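Overview (structure and organization)
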Amino acid sequence: MNAQPQTRADWQTLAQSQAFETRAYINDDFVASQSGETFETINPATGVRLANIASCDQADAELAVNHARRAFEGGEWSRLAPIERKRTLLCLADLMEANKHELALLDTLDMGKPVSSSLGDMAGAIGCLRHHAETIDKLYGEVAPTGEDALGLVLREPIGVVASIVPWNFPLMMTAWKIAPALAAGNSVILKPSEKSPLSALRLASLVKEAGLPSGVFQVLPGFGHTVGKALALSMDVDCLSFTGSTQVGKQLMQYAGQSNLKKVYLECGGKSPNIVFADCKNLDAVARNAAAAIFRNQGEVCIAGSRLLVENSIREDFIERVLAAAETMQPGDPLDPESFMGAIVDEAQYRRVLDYIRQGVEEGARLRVGGEAIDAESGGLFIPPTVFDSVTQGMTIGREEIFGPVLAVFGFDTEEEAIRLANDTVYGLAAGLWSQDIDRIMRVSRRLQSGQVYVNNWAGGDQTMPFGGVKQSGNGRDKSYHSLEEYSDLKTVWVSLAT
Ligand code: NAD
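Residues numbered from 1 in each chain as written. Predicted model: local features only at pLDDT ≥ 70, side-chain atom pairs only at ≥ 80, totals over all residues. Heavy atoms only, no water.

For the protein chain, the name recorded in an unreviewed UniProt entry is Aldehyde dehydrogenase, with Pistricoccus aurantiacus as its organism. Taken from UniProt, the Sequence similarities (unreviewed entry) comment for the protein chain reads in full: "Belongs to the aldehyde dehydrogenase family." (UniProt positions renumbered as here; feature names shortened; annotations may be inferred.)

1. Notes on the packing of aromatic side chains
Enumeration according to the criterion identifies seven aromatic pairs in this entry. Ring plane angle 80° and centroid distance 5.4 Å describe the contact between Trp168 and Phe404, whose orientation is recorded as edge-to-face. Taken as a pair, Trp168 in the loop between β7 (161–165) and α6 (171–184) and Phe404 in the loop between α13 (397–400) and β16 (407–413) lie far apart in primary sequence, 236 residues in all. With relative accessibility at 10%, the residue Trp168 sits in the buried group. For Phe404, a relative accessible area of 15% gives the class buried. Here Arg441 stacks its cationic end above the ring of Phe278, 4.1 Å away from the centre of that ring. (Phe/Tyr/Trp six-rings, centres within 6.5 Å; stacked < 30°, edge-to-face > 60°. Helix = DSSP H or I, 4+ residues; strand = E, 2+ residues; numbered from the N terminus. Buried < 20%, exposed > 50% of the residue type's maximum accessible area, 1.4 Å probe, protein only. Lys NZ or Arg CZ within 6 Å of the ring centre and 35° of its normal.)

2. Describing the UniProt feature "domain: Aldehyde dehydrogenase" (unreviewed entry) in the protein chain
Taking the UniProt record as the reference, the feature "domain: Aldehyde dehydrogenase" (unreviewed entry) is found at residues 30–494. Taken as a whole, residues 30–494 contains 41% helix and 19% strand, while its terminal C-alpha atoms sit 41 Å from one another.

3. A look at the layout of surface pockets
A volume near 1,000 Å³ is recorded for the largest pocket. Within the residue set of the lining of the largest pocket, elements represented by two or more residues are α8 (225–234), β10 (240–244), α9 (247–259) and α12 (348–363). The element contributing the most residues to the lining of the largest pocket is α9, with six residues. Split into classes, the residues belonging to the lining of the largest pocket amount to 17 nonpolar, 13 polar and nine charged. Residue assignment places the lining of the largest pocket across two domains, with domain 1 (8–269 + 475–492) and domain 2 (274–463) each supplying three or more. (1 Å grid on protein atoms, 1.4 Å probe; cavity = no way out; pocket = protein on both sides within 12 Å on 5 of 7 lines; lining within 4 Å. Points joined across faces, edges and corners; volume = space filled by probe spheres on them. Nonpolar A, V, L, I, M, F, W, Y, C, P; charged D, E, K, R; others polar. Domains from an automatic or database assignment.)

4. Quick notes on the site of the ligand
The full set close to the ligand counts 29 residues, and Val166, Glu195, Ser246, Cys269 and Glu402 are the nearest of them. Contact distances for the ligand include 2.6 Å between an oxygen atom and a side-chain N or O atom of Glu195. Here Glu402 contributes a side-chain N or O atom positioned 2.6 Å from an oxygen atom of the ligand. Relative to its free-state accessible area of 860 Å², the ligand is covered by the protein chains to the extent of 91%. Under a 2 Å grid-point criterion requiring more than half of the atoms, the pocket assigned to the ligand is the largest pocket. Elements that contribute at least two residues to the shell around the ligand include exactly α8, β10 and α9. In terms of residue count, the dominant contributor to the shell around the ligand is α9 (four residues). Here the residues of the shell around the ligand sort into 15 nonpolar, nine polar and five charged. (Near = heavy atom within 4 Å. Polar contact = N/O pair within 3.5 Å; in protein donor to acceptor, adjacent residues only side chain to side chain. Areas by Shrake-Rupley, 256 points an atom, 1.4 Å probe, with all protein chains shown as cover. Sits in = over half its atoms within 2 Å of the grid points.)

5. A word on the domain arrangement of the protein chain
According to the domain assignment, the protein chain consists of domain 1 (8–269 + 475–492) and domain 2 (274–463). Of note, the centres of domain 1 and domain 2, computed from C-alpha atoms alone, are 30 Å apart. Counting residues at the interface gives 26 residues for domain 1 and 31 residues for domain 2. Summed over both partners, the interface of domain 1 with domain 2 comes to about 2,100 Å²; 58% of that surface belongs to carbon and sulfur atoms. (Contact = heavy atoms within 4.5 Å. Buried area = accessible area lost by both parts, 1.4 Å probe.)

6. Quick look at the environment of Ser489
If you trace the backbone, Ser489 turns up in strand β19 (residues 489–497). Assessed through its relative accessible area of 10%, Ser489 is described here as buried. As a C-alpha pair, Ser489 and Leu155 span 334 residues in sequence and 9.5 Å in three-dimensional space. Setting aside anything within four residues of it in sequence, one finds Ser489 in contact with Arg156, Glu157, Pro158 and Ile159. A distance of 2.9 Å separates a polar atom in the side chain of Ser489 from a polar atom in the side chain of Arg156. Engagement of the side chain of Ser489 in a polar contact is seen with the backbone oxygen of Leu485, the distance being 3.4 Å.

7. Focus on the packing of helix α1 (residues 8–17) against helix α4 (residues 100–111)
A pair of packed helices is captured by two measures, namely the crossing angle of their axes and the spacing between those axes. Two elements in contact, α1 and α4, have axes whose closest approach is 11 Å; the angle formed by their N-to-C orientations is 85°. Between α1 and α4, the angle falls in the class roughly perpendicular. Facing Trp11, Leu14 and Ala15 of α1, the residues of α4 in contact are His101, Leu105 and Leu109. Of the residues assigned to the contact of α1 with α4, the class counts are five nonpolar, one polar and no charged. (Axes fitted to C-alpha atoms, helices over the stretch in contact; angles between N-to-C directions. Parallel < 35°, antiparallel > 145°, perpendicular 65-115°, else oblique.)

8. Observations regarding the nonpolar core
One finds Met96, Leu183, Phe218, Phe296, Ile304, Leu309 and Phe319 to be the most contacted residues of the largest nonpolar core, which totals 98 residues. In this structure, Phe296 is in contact with Ala327, Met330, Phe341, Met342, Pro386, Thr387, Val388, Pro406, Val407 and Leu408, ignoring residues within four places of it in sequence. Ranked by size, the runner-up nonpolar core spans 30 residues in total, among them Phe278, Ile358, Val392 and Val445. (Core = buried A, V, L, I, M, F, W, Y, C linked by side-chain atoms within 4.5 Å.)

9. What about the pattern of salt bridges?
For the structure shown, the criterion picks out 35 salt bridges. As a salt-bridge pair, Asp121 and Lys113 come within 2.4 Å of each other at their nearest N and O atoms. Of the two residues, Asp121 and Lys113, neither departs from the other in class, the shared state being buried. Each of Arg316, Glu317, Glu321, Arg367, Arg369 and Asp390 takes part in a single network of salt bridges with overlapping partners. (Salt bridge = Lys/Arg side-chain N within 4 Å of Asp/Glu carboxyl O.)

10. A few points about the sheet that holds strand β18 (residues 453–456)
The sheet built from seven strands is open, its strands ordered β14-β15-β16-β13-β12-β17-β18 with mixed pairing. If you trace the sheet from one side to the other, it starts and ends with β14 (367–370) and β18, each paired once. Across the sheet, the axes of successive neighbouring strands diverge by a mean angle of 20°, strand direction being ignored. In terms of strand pairing, strand β12 (residues 274–277) meets strand β13 (residues 308–312) through four bridges, oriented parallel. Its bridge partner being in β13, Ile276 is matched across the sheet by Leu310. Lying on the sheet, helix α14 (residues 416–424) is in contact with β12, β13 and β16; it crosses β16 at an angle near 145°. (Pairing = 2+ DSSP bridges.)

Pasting the structure below:
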């Protein structure tokens with residue numbers, strides 16, 4: 001695709017002519033699943049079926065793992081000089097850049113996010129690949145501080161076969177966060193995209209082929225979690241699972257690792273992130289816009305969504321009014337319209353789930369301030385507008401559970417201590433935000449928040465240089481930065497005795 005789509009009409013034209021790769025990518029070939037089974041992928045903004053995709057299962061997983069192992073042992077990639085791996089990955093990044101509109105379109109059609117947001121994801125994905133490619137030939141090993149009679153080397157080596165299991169909310173960006181460091185480090189990678197968003201991963205496979213990665217080094221197995229995902233997780237010949245998805249599935253993966261070969265398991269899981277607004281913060285309108293975007297961006301289908309808004313009671317009513325005004329400007333629209341802030345909910349099951357949480361919020365006594373009902377159902381699309389509940393308490397389901405939809409729960413607090421207690425009163429620990437002008441308070445509160453990320457006077461800030469991941473039941477892994485490269489390599493020591 002060479003055109004540079006600008007308008008909704010441009011994107012619609014491209015969408016009409018878009019072809020889809022539907023087959024699995026195994027050992028350099030696009031193939032049907034061995035069973036011949038397929039599953040449908042549907043555009044949630046229209047209800048129209050896009051394609052039937054190969055549904056892989058255990059047999060395909062075994063085949064791909066065998067090829068991945070052979071490739072790893074063969075050393076064509078795993079023992080290649082890092083500078084050569086860098087060249088190939090930078091070539092892949094260039095190919096992604098050249099095809100970014102098509103890749104963005106595929107994510108938008110598949111899971112309903114606005115195309116402008118998908119384009120932002122492509123920038124993130126390409127930047128991530130370039131970052132790890134550029135890092136890998138600049139890393140040194142260590143010489144241990146031993147006595148003169150020995151030389152102690154500390155080396156980093158690739159792990160082997162890595163299975164990356166990813167979700168649907170940022171399909172290609174989450175993929176890049178996993179595969180970029182794993183490939184840069186020299187591993188063979190098998191990617192299992194979500195069954196709700198397989199299209200961009202399969203298009204990526206053709207770009208990987210074009211970039212010239214050796215056979216078996218990168219493979220894509222579309223299919224369901226309980227079939228091909230589980231088979232990879234239970235495989236005796238997969239050395240590492242890198243996962244982004246729900247806490248519930250993350251727990252299962254740890255069990256599978258224990259039941260099989262004790263493979264390494266890195267998890268990036270769910271969240272119920274607190275966003276704390278103190279009365280001393282500046283420019284309440286700007287803060288309110290940020291607080292609304294923190295939950296409504298990507299239809300609220302964001303692991304770090306600022307889904308719990310904690311507001312100091314002295315400004316609470318005034319602040320909520322400003323949040324409602326901001327939410328009014330963030331209505332869902334056609335995902336192919338670059339002006340749309342929100343798009344469609346990913347599928348019928350998630351749509352029902354979000355509406356069910358809203359019903360529970362009302363039943364449990366929270367005060368519904370705006371939204372709460374599906375809209376535009378006649379379009380065939382799954383649209384839920386920004387929904388805001390006030391007077392939420394920790395005892396309410398919507399105050400505790402990850403909804404993964406455009407639903408904001410507002411809590412009030414009177415003291416800093418109460419804000420910290422409320423913020424930390426969750427099984428999750430992915431992200432937290434705080435808004436204040438008091439530097440002492442900022443440092444005090446940041447240190448006490450139980451969270452992998454703390455955003456001060458912003459939400460979701462950070463770039464490739466910053467590790468990303470959670471604490472508590474939000475997971476144990478770190479994506480992005482040098483720290484994620486560490487996860488995809490093992491430490492080896494070599495002790496050389498020196499003749500004296
Ligand atoms: P999910 O856990 O349902 O699925 C994630 C992936 O796991 C999918 O590819 C799925 O097919 C696979 N899977 C499901 N069951 C499996 C099994 N038994 N064995 C192996 N694989 C299995 O999550 P989702 O609905 O795709 O994504 C939403 C979740 O992802 C939310 O909880 C969200 O917070 C989380 N998420 C976290 C981050 C992060 O960085 N922490 C980022 C994005 C999304």
